[in-house]
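This is what each chain is made of:
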Amino acid sequence: MVVKGILIIADGLGGRPTDIAGETCLEAAATPNLDRLAERGAIGLVDPIGPGIRPGSDTAHLSLLGYDPYEVYTGRGVFECLGVGLDVQEGDVCFRANFASVEEVDGKLRVTDRRAGRIETGQEELEAALSEIELTDIAGVKAYFRASTEHRGALLLRGEGLSPRISETDPHEAGVPISRSVPLDPGDPAAERTATAVNELTRKSYEVLKDLEVNRRRIAAGNLPANVVLLRGSSQLPHLEPLSSIYGVRGAVIAGGALYRGIALACGMEVIRVEGATGGLDTDLSGKAAAALSALERFDYVFVHVKGPDNAGHDGDAHAKRAFIERVDRELIGPLVGPVEEGRIHLAFTGDHTTPPEFGDHTDEPVPVLFAGRNVIPDQARRFGERAAGGGGLGRFSGRVLPILLGYCDWGPKFGS
Ligand SMILES: [Zn+2]
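If you're wondering where the values come from, they're calculated on a predicted model, not measured in any experiment.

1. A short note on the overall build of the protein chain
The helix and strand inventory of the protein chain stands at 15 helices and 13 strands. Taking 417 residues into account, the globule formula puts the C-alpha radius of gyration at 22 Å, and the protein chain, at 22 Å, falls close to it. When the backbone C-alpha atoms are referred to their principal axes, the protein chain occupies close to 65 × 50 × 40 Å. The 417 residues of the protein chain split such that 52% are buried. Within the protein chain, contacts between residues separated by at least 24 positions form 72% of all contacts whose residues are at least 6 apart in sequence.

2. Some points on unusual backbone geometry
Here A21, not a glycine, exhibits a phi torsion of approximately 45°, which is positive. Here A21 shows up in the loop between β1 (4-10) and α1 (25-28). Taking the C-beta count within 10 Å as the criterion, A21 has 9 such neighbours and is therefore assigned exposed.

3. Details of the sheet that holds strand β9 (residues 270-271)
The sheet built from 8 strands is open, its strands ordered β9-β8-β10-β1-β11-β12-β2-β13 with mixed pairing. This sheet does not close on itself; its edge strands, each paired only once, are β9 and β13 (396-398). Packing of helix α13 (residues 318-341) onto the sheet brings it into contact with β1, β10 (301-306), β11 (345-350) and β12 (367-372), and relative to β11 it is tilted by some 150°.

4. Observations concerning helix α11 (residues 285-295)
Along α11, the residues that are buried comprise L285, K288, A289, A291, A292 and A295. Buried residues of α11, seen end-on, are gathered within an arc of 165° and therefore sit on one face of the element. Residues of α11 that are buried make contact with β1, β8 (251-254), β10 and α13.

5. Comments concerning the domain arrangement of the protein chain
By the assigned domains, the protein chain splits into domain 1 (4-73 + 240-408) and domain 2 (86-235). The C-alpha-based centres of domain 1 and domain 2 are spaced at 33 Å.

6. A look at the nonpolar core
Counting residues in hydrophobic clusters, the biggest one holds 125 residues, and the most contacted among them are I6, L7, I43, I254, V302 and L370. Here the element with the most residues in this core is α13; it accounts for 8 residues. Split by domain, this core shows at least three residues from each of two domains, domain 1 (4-73 + 240-408) and domain 2 (86-235).

7. Notes on the packing of helix α2 (residues 32-40) against α13
It is at 8 Å that the axes of α2 and α13 come closest, and there the two elements cross at 30°. If you check the angle between α2 and α13, you find them roughly parallel. When you trace α2 past α13, the crossing you get is left-handed. Listed contacts from α13 to P32, N33, L34, R36, L37 and R40 of α2 are D329, I333, G334, V337, V340 and E341. Residues that form the contact of α2 with α13 fall into these classes: 6 nonpolar, 2 polar and 4 charged.

8. Remarks on the pairing of β10
Burial within β10 is extensive, with 6 of its 6 residues counted as buried. Burial along β10 is two-sided: Y301, F303 and H305 facing one way and V302, V304 and V306 facing the other are all buried. Two strands pair when backbone bridges link them, and β1 and β10 are joined in this way by 6 bridges, in the parallel orientation. Counted as the bridge partner of I8 is V304 from β10. Relative to β10, β8 runs parallel, the two being bridged by 4 bridges. Across the sheet, residue G251 finds its bridge partner in β10, namely Y301.

9. Regarding the pairing of strand β2 (residues 42-47)
The buried fraction of β2 amounts to 6 of the 6 residues, a majority that puts the element mostly inside the structure. Neither face of β2 is left uncovered, since the one carrying A42, G44 and V46 and the one carrying I43, L45 and D47 both have all their residues buried. The pairing of β2 with β12 spans 5 bridges and is classified as antiparallel. Following the sheet pairing, V46 is matched in β12 by V367.

10. With respect to helix α6 (residues 123-131)
For α6, every residue scored as buried is listed here: Q123, L126, A129 and L130. For α6, the angular spread of the buried residues around the axis is 125°, confining them to a single face. For α6, the exposed residues set more than 90 degrees away from the buried face come down to E124 and S131.

11. Notes on the packing of α11 against α13
Angle between the axes and distance between the axes are the two parameters that describe a pair of packed helices. Running from N to C, α11 and α13 cross one another at 25°; their axes reach a closest spacing of 8 Å. Here α11 lies roughly parallel to α13, going by the angle between them. The element α11 and its partner α13 pack so that their crossing is right-handed. Contacts from L285, S286, K288, A289, A290 and L293 in α11 reach R327, V328, E331, L332, P335, L336 and P339 in α13. Taken together, the residues of the contact of α11 with α13 break down into 9 nonpolar, 1 polar and 3 charged.

12. Topic: the environment of V111
Of note, V111 is situated in strand β4 (residues 108-113). Under the C-beta neighbour-count criterion, V111 is labelled buried, with 22 such atoms within 10 Å. When the C-alpha positions of V111 and P171 are compared, they lie 8.3 Å apart, and in sequence the two are 60 residues distant.

What counts as what
- Residues numbered from 1 in each chain as written.
- Predicted model: local features only at pLDDT ≥ 70, side-chain atom pairs only at ≥ 80, totals over all residues.
- Helix = DSSP H or I, 4+ residues; strand = E, 2+ residues; numbered from the N terminus.
- Rg over C-alpha atoms; globule rule 2.2 N^0.38 Å.
- Buried ≥ 20, exposed ≤ 12 C-beta atoms within 10 Å, placed from the backbone.
- Contact = placed C-beta atoms within 7 Å.
- Pairing = 2+ DSSP bridges.
- Axes fitted to C-alpha atoms, helices over the stretch in contact; angles between N-to-C directions.
- Arc of directions from axis to C-beta.
- Domains from an automatic or database assignment.
- Core = buried A, V, L, I, M, F, W, Y, C linked by C-beta atoms within 7 Å.
- Parallel < 35°, antiparallel > 145°, perpendicular 65-115°, else oblique.
- Left-handed = near helix turned anticlockwise from the far one by under 90°.
- Nonpolar A, V, L, I, M, F, W, Y, C, P; charged D, E, K, R; others polar.

If you want it as structure tokens, here you go:
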């Protein structure tokens, strides 16, 4: 009997007892569906990469999907480019891009806001203007830009002899000039060429964006203009053995955030677009659940990503994080309980790291993880949360949640004879 798999990663799921009155956001949340599955299945703690390692979202996802990020990770930009739908080829240098606000002071571009006031509309116009840029300082280099959500986007440079070994242009603070990109290894000609192209692109992005209609409107309305592009996360295609060739099955991803679609694409999954999947707290969770179940008619497993807990954690809003986890339980987990109990799917649920609202960033504590389905031996757990997971039957392990899920589905390759 074929039982298909669903992996759900709730970004930044893990918490600390300082979150809400001595409990983590997950523990304080009412999660009857996760509790029911914890009772039917088995739980434990997972260190997304390893004990004591503070994960980024990109490296944590690679590890949870079964790769060694220390071996394969090249940087974030390439995943952002793949995720927004750019065709990334061998030799391309990829960046994550931000629309930012700058003012010209003594011929220098000084950053007034790194996120252009978290711009919400007009990105198509900005993208179209950036697409017109022609780079001339280095012959034969072409830039491709795509906007994604809010101030975010991705950019890739294509041409002979480029290198990702350059510094970024994002100064990571307001009130200072944009950083000039320079080679990380002085005298490296490929890095020299790439840094020159990046600096030209940055200058020209200001020239083509500053007087655009969308920015005139923003300034007239008292908003900051999106008048420059900041670049970071310089990287090239990583060499990942596709999951389809490791396990011999086909997987798909459902994610609002470009980064997560990009990682899954790089690992050999296909993308399923869901209307209303925003990568934010307002995302359509019922739509994701329905899309995941119907995708299993065509795919062997589906990876669903939700970003909300991490957003609320970064914003320092414990109550929003708890409320979003309750919505995940109701709208995303709820519709999957029946299919799990009927033995039609195996479900894995976890987070990619801990994001305590009080700290406002990722920390290295392990994250609770749950497996449920007909091949999972139940443990003694009666509810899902950090404390319960510490006493769960799965103990504490590192990464590899997708390989474990695919193992329950009988697709794990044998090591040795
Ligand atoms: Zn994350």
